[in-house]
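Chain by chain, the residues run as shown.
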Amino acid sequence: MQTDFSDLQYSTQLEQKKNYLSQLFKPFFDGQIAIFPSEKKHYRMRAEFRVWHEQDELFHIMFDPQTKQRQRIDTFPIASQLINRMMSELLPLLKQQELLRYKLFQIDYLSTLSNKIIVSLLYHKTLNDDWISAAKNLKQQLQQLNFDVQIIGRANKQKICLDQDFIDEVLPINGKNYIYRQIENSFTQPNAGVNCKMIQWALDCTKNAQGDLLELYCGNGNFSVALAQNFNQVLATEIAKPSVHAAQFNIAANQVDNLQIIRMSAEEFTQALQGVREFNRLKGIDLKQYQCQTIFVDPPRAGLDPATLNMVQHYENILYISCNPETLVQNLATLSQTHRIEKAALFDQFPYTHHIESGVYLVRK
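Just so we're clear, the structure is a prediction, and the values are computed from it rather than from any experiment. Position labels on residues start from 1 in each chain and follow its written sequence. Residue-level local features of this predicted model are given only where pLDDT is at least 70; pairs of side-chain atoms are given and counted only at 80 or more, and the full residue set underlies all totals for whole chains, interfaces and linings. Note that the side-chain values use all heavy atoms of the structure and ignore hydrogens as well as water.

Quick notes on the overall build of the protein
Labels follow the DSSP assignment, with helices taken as runs of H or I lasting at least four residues and strands as runs of E lasting at least two, numbered in each case from the N terminus. Across its full length, the protein carries 10 helices and 17 strands. Put simply, the radius of gyration uses C-alpha atoms, and a globule should come to 2.2 Å times the residue count raised to 0.38. Here the C-alpha atoms of the protein give a radius of gyration of 22 Å, agreeing with the 21 Å that 2.2 N^0.38 yields for 365 residues. Buried, partly exposed and exposed residues are distinguished by accessible area as a fraction of the type maximum, computed with a 1.4 Å probe on protein chains only: under 20%, between the cut-offs, and over 50%, respectively. Each of the 365 residues in the protein was classed as buried or not, and the buried ones make up 54%. Within the protein, residue pairs in contact and separated by at least 24 positions form 65% of the contacts whose partners lie at least 6 positions apart. For the protein, the exposed surface amounts to about 17,500 Å²; the carbon and sulfur share of it is 46%. Computed over 37 positive and 38 negative side-chain charges, the inter-centroid distance for the protein is 2 Å. Two residues qualify as a contact provided that any one of their heavy atoms is within 4.5 Å of a heavy atom in the partner residue. Note on areas: Shrake-Rupley with a 1.4 Å probe; residue coverage comes only from the protein chains shown. Positive residues here are Lys and Arg, negative ones are Asp and Glu, while His and the chain termini are left out of the count. By convention, the point assigned to a charge is CZ for Arg, NZ for Lys, CD for Glu and CG for Asp.

Let's talk about the packing of helix H2 (residues 81–95) against helix H4 (residues 129–144)
Look at H2 against H4: their axes get within 11 Å of each other, and the N-to-C directions meet at 140°. One element, H2, and the other, H4, form an angle in the oblique class. Pair H2 / H4 crosses with right-handed handedness. Contacts between H2 and H4 involve Met86, Leu90, Leu93 and Leu94 on the former and, on the latter, Leu138, Gln141 and Leu142. Amino acid classes used here: Ala, Val, Leu, Ile, Met, Phe, Trp, Tyr, Cys and Pro are nonpolar; Asp, Glu, Lys and Arg are charged; the rest, including Gly, are polar. Taken together, the residues of the contact of H2 with H4 sort by class into six nonpolar, one polar and no charged. Here an axis means a line fitted to C-alpha atoms, over the contact stretch when the element is a helix, while the angle between two N-to-C directions is reported on a 0 to 180 degree scale. With respect to orientation, any angle under 35 degrees is reported as roughly parallel, any angle over 145 as roughly antiparallel, any angle of 65 to 115 as roughly perpendicular, and every other angle as oblique. Handedness of a crossing is defined here by the sense of rotation of the near helix relative to the far one, left-handed for an anticlockwise turn of less than a right angle and right-handed for a clockwise turn.

Remarks on the sheet that holds strand S16 (residues 339–347)
Here we have eight strands laid out as an open sheet, ordered S1-S16-S17-S15-S14-S11-S12-S13, and mixed in their pairing. Two strands in the sheet have a free side with no partner beyond their single neighbour: strand S1 (33–36) and strand S13 (259–262). Here the average twist between neighbouring strands, direction ignored, is 15°. Relative to strand S14 (residues 292–297), strand S11 (residues 212–216) runs parallel, the two sharing five bridges. Strands qualify as paired when DSSP identifies two bridges or more between them.

Some details on the nonpolar core
The criterion is simple. A nonpolar core is a set of buried Ala, Val, Leu, Ile, Met, Phe, Trp, Tyr and Cys residues joined through side-chain atoms within 4.5 Å. Counting 78 residues, the largest nonpolar core has Phe25, Leu94, Ile107, Tyr109 and Leu121 as its most contacted members. Ranked by residues supplied to this core, first place goes to H2 with eight residues. The residues contacting leucine 121, other than those within four sequence positions of it, are Leu94, Leu104, Gln106, Ile107, Trp131, Leu138, Ile151, Ile152, Gly153 and Arg154. Counting 39 residues, the second-largest nonpolar core is a separate cluster that includes Cys205, Ala228, Ile261 and Phe347.

Focus: the packing of helix H1 (residues 7–25) against helix H10 (residues 325–335)
Axis separation between H1 and H10 bottoms out at 10 Å; the angle between their running directions is 20°. One way to sum up the angle between H1 and H10 is to call them roughly parallel. Helix-helix and strand crossings are classified by hand; for H1 and H10 the assignment is right-handed. Together, Tyr20, Leu21, Leu24 and Phe25 of H1 and Pro325, Glu326, Leu328, Val329 and Leu332 of H10 make up the contact between the two elements. Residues of the contact of H1 with H10, tallied by class, amount to eight nonpolar, no polar and one charged.

Some words on the layout of surface pockets
The calculated volume of the second largest pocket comes to roughly 680 Å³. The rule is simple: put a 1 Å grid over the protein atoms alone, call a set of points where a 1.4 Å probe fits but cannot get out a cavity, call an open set with protein on both sides within 12 Å along at least five of seven lines a pocket, and count a residue as lining if it has an atom within 4 Å of a point. As for the second largest pocket, its lining consists of 40 residues, and the residues nearest its centre are Phe187, Gln189, Tyr217, Gly219 and Asp298. Where the lining of the second largest pocket is concerned, the elements lending two or more residues are strand S5 (104–111), strand S9 (166–173), strand S10 (176–183), helix H5 (192–205) and helix H8 (266–273). Split into classes, the residues belonging to the lining of the second largest pocket amount to 19 nonpolar, 12 polar and nine charged. Grid points are joined across faces, edges and corners, and a volume is the space filled by probe spheres set on the points.

Observations regarding empty space enclosed by the protein
Going through the model one piece at a time under the given rule, you end up with one cavity of 30 Å³ or more. There is about 40 Å³ of room inside the largest cavity. Around the largest cavity, the lining residues are Arg181, Gln182, Ile183, Ser186, Phe187, Thr188, Asn220, Pro242, Ser243 and Ala246. At the level of elements, S10 and helix H7 (241–253) are the ones that each hand at least two residues to the lining of the largest cavity. By residue class, the composition of the lining of the largest cavity is four nonpolar, five polar and one charged.

A few points about unusual backbone geometry
Positive phi is not limited to glycine here, since lysine 103 has a value of about 60°. Positive phi, normally seen in glycine, also occurs at asparagine 185, with a value near 70°. Tracing the backbone through its elements, the reader meets asparagine 185 in the loop between S10 and H5.

Right, dumping it as structure tokens:
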């Protein structure tokens, strides 16, 4: 699991990703792919570790994906500096509290650029009032070390928050700070620096857009909150309740007044648009008032399902962010029948891995 953090090694890996993506896009795009590199260290805002108990000692460990051997992790250079600092301070404090260390099997960290962090402690035991008392003491100790921290305990069918299960991130984009509520155990973009570049690229693609925007899979409003400035109105869908609640907060916190979030899956929304089904969740929302000429999709790894893919083709402009270039290319085989790629980008969300985040902006032929 050793990683070479040299400039040469990183540049070589990024070039390989660029060449691979260029080959995939070749049947559909012969222009320049914009490359957005990552910081080489301390770029990852989330990390999860198993906990190894050895007599009186506690260690963070990970398992080598090839050998399956466990490896002790004292520092984790790809994780944020805040996570690394917390890792070094937390374990000695846990060792002092038998209630906190007993049957602890995993620790999850979620950090932000705004210097806030959530520590989730996962157990193979029931958590009781004594655990809560010990966890409150732990939080006080960490606050005395200048951590702005939330502590969460998880066990089978239990989730205990000492105060709250969220932290608020602040992302600098285009000279403006955007506030994003991030909820523990919900999806957030792991590489905050590259996420800022992704949002900026999406803003640049749509800066001269006309009419309204429809966004599917909007999450906590990561893109739609910023993109709202480029459109008359934005209608966005998301199925996960925690993400919808976070998005509603983000709309208010960023004083966005032209963005409406609907809790629906992309498949359900397609059915609603086509009149296949009626949904109570759409009561009071007149879909016909929206003049959406642009659609934004950031689907799961499987890409767009056939019905949604067909629906997407009815829009003049398509902004597509993908975490899986193979399924993106499968979708492009269909989308290229009606649209052409005007811009393409590679976002290196996951340095030192084979994973590629990419984006395309398509306009009707």
